[in-house]
Amino acid sequence: RDGRSVTRGGARQQVPGFLTGAIGASNAEPGARQLYTLDPYQPGELLPFDASPATFDALATYLDPSEALPEADGLDLMRWIRGQDSYDEDADGDRYDSRRRVFGDLLHSRPLAVNYGARRGSGYSADNPEIRIFFGTNDGVFHLLRNTSPSGAESGRETWAFIPPQLLPMQATLAGKRDGAWQSHPYGLDGEAVAVIEDRNGDGTIESEEGDSVLVVIGQRRGGRALYAFDMTDPDEPRYRWSIDHRTPGFEQLALTFSTPRVARLDLGEDAPTAVLLFGGGYNGGWVGGERVGKDAGASSDPIGNAVYVVKAADGSLVWRAAGPGAGAVTASGERVFYAPGLTDSIPSALAVIDSDHNGVHDRAYVGDSGGDVWRVELTEHQHRQ
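Since the model is a prediction, treat every value here as computed from it, not as a measurement.

Visitor: Would you explain the overall build of the protein in this entry?
Guide: Tallying secondary structure elements over the protein gives 3 helices and 20 strands in all. Relative to a compact globule of 386 residues, whose C-alpha radius of gyration would be 21 Å, the protein shows 22 Å and is just as compact. Expressed as lengths along the three principal axes of its C-alpha atoms, the size of the protein is roughly 70 × 55 × 45 Å. Put simply, 52% of the contacts in the protein that link residues at least 6 apart link residues at least 24 apart. Just so you have it, the protein exposes about 17700 Å², and 49% of that area is on carbon and sulfur atoms.

Shown next, in the form of structure tokens:
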């Protein structure tokens, strides 16, 4: 029981090595925390976030965009990010034990539970199914927890974590080692995770050998203008799948990713309905040069966020976008853009998606924008499907 100590209890104490002071400087250490980022030299591959000279060299420009961070200081910062008390905040003389607060705050990222059932070789059963929990925290980390152990005991143990390279520059400020102050609460991965689950035989157990799959997607909310997707079919071996941000061709109008993606099945002319994600262009707000902008500053029209996107879940490719004033030109051959002159306000809301004729294909969506208008989106079905 945590009693009056707010630093005790919950999943934070179940981070590997937290209670024993052995979080570790690298994933390879026995019992160490398993923290990953993306490998800048191998696009699409995960890189163990180890506090090592080789990893520092790979990530130095992310940790400090000014490229002025000495290696020794960089390794201290990397150990701090992993959860080690590298700055001796508790003044006990030990810079390799666990710091008191390993998790950032979990503010708006509602935890997502995925039931994998009695996955083969996992040790779980129908009476004690394997349930994993996904969420983001505002130190920029995406977490994967275990609900119970295979024996049935309560767990809450973090089994894997990921920090995007784009959120490494904020870490020195969070650690108090870089000048600068937050105008407001700092945000990192504050969005709500969603899952696209394919259980082909409907038996409630996710088996990759049977063609089942789990894709988990999370946005940043006020933390930024990006979405990240991971193949979580085997939660013991997560894989990075894709990401989208405002620099991705076709997504220039993407604002702060407030709009939680909605999973839908659309008729795109393929043999079976295609799994897609629908989301609004996000919220136009935040700070620029110490001044609030967008809807944080007033009720004026928005040059970004005033859009609706549909992407294929499998690879994040753009199916179509509906965009208001400020939409960029077509960026790819065959790209479908629907221009809506009246769409002048950003869309932070999640879409409501419906299958009105109950045929397994979604055909309509509704969403409100930050200017008070409600939009209906027609998701036309191909007429050839029986």
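Visitor: Explain the side chain of Gln 171 here, please?
Guide: Considering the arrangement of structural elements, one finds Gln 171 in helix α3 (residues 171-174). For Gln 171, a relative accessible area of 2% corresponds to the buried category. In this structure the side chain of Gln 171 is engaged in a polar contact, spanning 2.9 Å, whose partner is the backbone oxygen of Asp 139. Among all residues touching Gln 171, those that are not within four sequence positions of it are Leu 77, Trp 80, Ile 81, Asp 139 and Ile 163.

Visitor: Even after reading the chapter, I still don't get the sheet that holds strand β1 (residues 35-38), so can you show me in this structure?
Guide: Strand pairing in a sheet is mediated by backbone hydrogen bonds. Such pairs are either parallel or antiparallel. Pairing is mixed in the open sheet, where 6 strands are placed in the order β2-β1-β6-β5-β4-β3. The open sheet has two edge strands with one neighbour each: β2 (46-48) and β3 (112-117). Between one strand axis and the next, the sheet turns through 30° on average, direction left out of account. Two strands pair when backbone bridges link them, and β1 and β2 are joined in this way by 3 bridges, in the antiparallel orientation. Counterpart to Leu 38 in the pairing with β2 is Leu 46.

Visitor: How do you make sense of the pattern of salt bridges when you look at a structure like this?
Guide: Any two side chains of opposite charge can pair, so long as their charged atoms come close to each other. Applying the stated criterion to the full structure yields 24 salt bridges. Among the ionic pairs, Glu 209 bridges to Arg 120, the shortest N-O distance being 3.5 Å. Within this pair, whereas Glu 209 is found in the loop between β7 (194-198) and β8 (213-219), its partner Arg 120 is found in the loop between β3 and β4 (130-136), the two being separated by 89 residues in sequence. By relative accessible area, which is 52% here, Arg 120 ends up exposed. A salt bridge links Arg 241 to Asp 231, with the shortest nitrogen-to-oxygen separation between them at 3.0 Å. With Arg 241 in strand β10 (residues 239-245) and Asp 231 in strand β9 (residues 226-231), this residue pair connects regions lying 10 residues apart in the sequence.

Visitor: Sorry, what's going on with the packing of helix α1 (residues 53-63) against helix α2 (residues 71-82) here?
Guide: The packing of two helices is summarised by the inter-axis angle and the distance between the axes. One way to put it is that α1 packs onto α2 with a least axis distance of 10 Å and a crossing angle of 90°. Between α1 and α2, the angle is such that the two are roughly perpendicular. Within the contact between the two elements, α1 uses Pro 53, Thr 55, Phe 56, Asp 57, Leu 59 and Leu 63 and α2 uses Glu 71, Gly 74, Leu 75, Leu 77, Met 78 and Ile 81. Residues of the contact of α1 with α2, tallied by class, amount to 8 nonpolar, 2 polar and 2 charged.

Visitor: Would you mind going over α1 with me for this structure?
Guide: Each turn of an α-helix holds 3.6 residues, which means side chains three or four residues apart point in the same direction. Among the residues of α1, those classed as buried are Thr 55, Phe 56, Ala 58, Leu 59 and Leu 63. Along the long axis of α1, the arc covered by the buried residues comes to 165°, so they all point the same way. Tucked into the core, α1 has its buried residues touching β1, β2 and α2.

Visitor: What is the right way to read the pairing of strand β15 (residues 307-312) from this model?
Guide: Every regular strand shows the same layout, with side chains that alternate between the two sheet faces. Within β15, 5 of the 6 residues are buried, which leaves it mostly tucked inside the rest of the structure. By the bridge criterion, 5 bridges tie strand β12 (residues 274-280) to β15 in an arrangement that is antiparallel. Looking at the pairing, Phe 279 lines up with Tyr 309 of β15. One ladder, built from 5 bridges, connects β15 with strand β16 (residues 318-323); its direction is antiparallel.

Visitor: How should the packing of aromatic side chains be read in this particular structure?
Guide: Working definition: an aromatic ring pair is given by the centre-to-centre distance plus the angle between the planes. This structure, assessed with the given rule, holds 14 aromatic pairs. Among the aromatic residues, ring-to-ring pairing joins Tyr 36, Phe 134, Phe 142, Trp 160, Phe 162, Tyr 228, Phe 230 and Tyr 240 into one connected group. A cation sits over an aromatic face here: Arg 99 above Trp 80, 3.8 Å from the ring centre.

Visitor: What's the story with the pairing of β4 in this structure? I'm lost.
Guide: Among the 7 residues of β4, 5 are classified as buried, and the element is accordingly described as predominantly covered. Alignment of β3 against β4, held across 5 bridges, turns out to be antiparallel. The residue bridging Leu 112 from the neighbouring strand is Phe 134, located in β4. As paired elements, β4 and strand β5 (residues 142-148) share 5 bridges and run antiparallel to each other. Note on β5: the bridge partner recorded for Phe 135 is His 143.

Cut-offs applied
- Residues numbered from 1 in each chain as written.
- Predicted model: local features only at pLDDT ≥ 70, side-chain atom pairs only at ≥ 80, totals over all residues.
- Heavy atoms only, no water.
- Helix = DSSP H or I, 4+ residues; strand = E, 2+ residues; numbered from the N terminus.
- Rg over C-alpha atoms; globule rule 2.2 N^0.38 Å.
- Contact = heavy atoms within 4.5 Å.
- Areas by Shrake-Rupley, 256 points an atom, 1.4 Å probe, with all protein chains shown as cover.
- Buried < 20%, exposed > 50% of the residue type's maximum accessible area, 1.4 Å probe, protein only.
- Polar contact = N/O pair within 3.5 Å; in protein donor to acceptor, adjacent residues only side chain to side chain.
- Pairing = 2+ DSSP bridges.
- Axes fitted to C-alpha atoms, helices over the stretch in contact; angles between N-to-C directions.
- Salt bridge = Lys/Arg side-chain N within 4 Å of Asp/Glu carboxyl O.
- Parallel < 35°, antiparallel > 145°, perpendicular 65-115°, else oblique.
- Nonpolar A, V, L, I, M, F, W, Y, C, P; charged D, E, K, R; others polar.
- Arc of directions from axis to C-beta.
- Phe/Tyr/Trp six-rings, centres within 6.5 Å; stacked < 30°, edge-to-face > 60°.
- Lys NZ or Arg CZ within 6 Å of the ring centre and 35° of its normal.

So, to be careful, I would describe these as geometric facts and stop short of saying anything about function.
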